[in-house]
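Secondary and tertiary structure notes
Single-letter residue listing:
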Amino acid sequence: MEVTEKVKVGMVKKVSSIVDKNNTALAMKSGTLEVYATPAMTALMEQAAAELLQTVLPEGWTSVGIAMSVVHTSASPVGMKVKAEAKVIAVDRRKVSYEVVAFDEVGEIGKGSHERFAVEKEKFLQKAASRKNN
């Protein structure tokens, strides 16, 4: 049995947020303007992908992001609603690949690709903690 057996190509998850002073380029130090920051858009895309996978993983498992490539094509001002969508495009054992797209109330603001890897929580945390001793 593969841990990702319930993950199917075509599955989609959408999440949303509001552009506020905390997720602007100025606040996130990724620029000097009070518009939706690229790191915030990327995080929203990753949130959609992570939440999608978490709903079908067995107890004790989670996923970690391993790759992200995005373009941010339009600026969204403070107060605007934004949403991100992650769509599964491939499953290779424990690696899941997504197409990610972000929108504001006017239209598309960014798109790209994302990959996540399913991991056993405890085993992963132990491996991460062992890095402190090296």
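Refer to the structure presented above.
Presented here is a report on the structure given in the accompanying data block. A quick note: this is a predicted structure, and the numbers were derived from the prediction, not measured.

**Focus on the pattern of salt bridges**
For the structure shown, the criterion picks out six salt bridges. A salt bridge links Glu 34 to Lys 21; its shortest N-O distance comes to 3.1 Å. In this pair, Glu 34 is assigned in the loop between helix 1 (25–28) and helix 2 (38–54) and Lys 21 in the loop between strand 1 (12–18) and helix 1, connecting sequence segments 13 residues apart. When its relative accessible area of 38% is taken as the criterion, Glu 34 is described as partly exposed. According to the relative accessible area criterion, Lys 21 is exposed, its value standing at 52%.

**Points about the nonpolar core**
With 28 residues, the main nonpolar core has Tyr 36, Leu 53 and Tyr 98 as its most contacted residues. Every element with two or more residues in this core is listed here: helix 2, strand 3 (81–92), strand 4 (95–104) and strand 5 (108–120). The dominant element in this core, judged by the number of residues it contributes, is helix 2, at eight residues. Not counting chain neighbours up to four residues away, the residues in contact with Leu 53 comprise Val 7, Ser 63, Val 96, Tyr 98 and Arg 116.

Quick notes on the rules
- Residues numbered from 1 in each chain as written.
- Predicted model: local features only at pLDDT ≥ 70, side-chain atom pairs only at ≥ 80, totals over all residues.
- Heavy atoms only, no water.
- Salt bridge = Lys/Arg side-chain N within 4 Å of Asp/Glu carboxyl O.
- Helix = DSSP H or I, 4+ residues; strand = E, 2+ residues; numbered from the N terminus.
- Buried < 20%, exposed > 50% of the residue type's maximum accessible area, 1.4 Å probe, protein only.
- Core = buried A, V, L, I, M, F, W, Y, C linked by side-chain atoms within 4.5 Å.
- Contact = heavy atoms within 4.5 Å.

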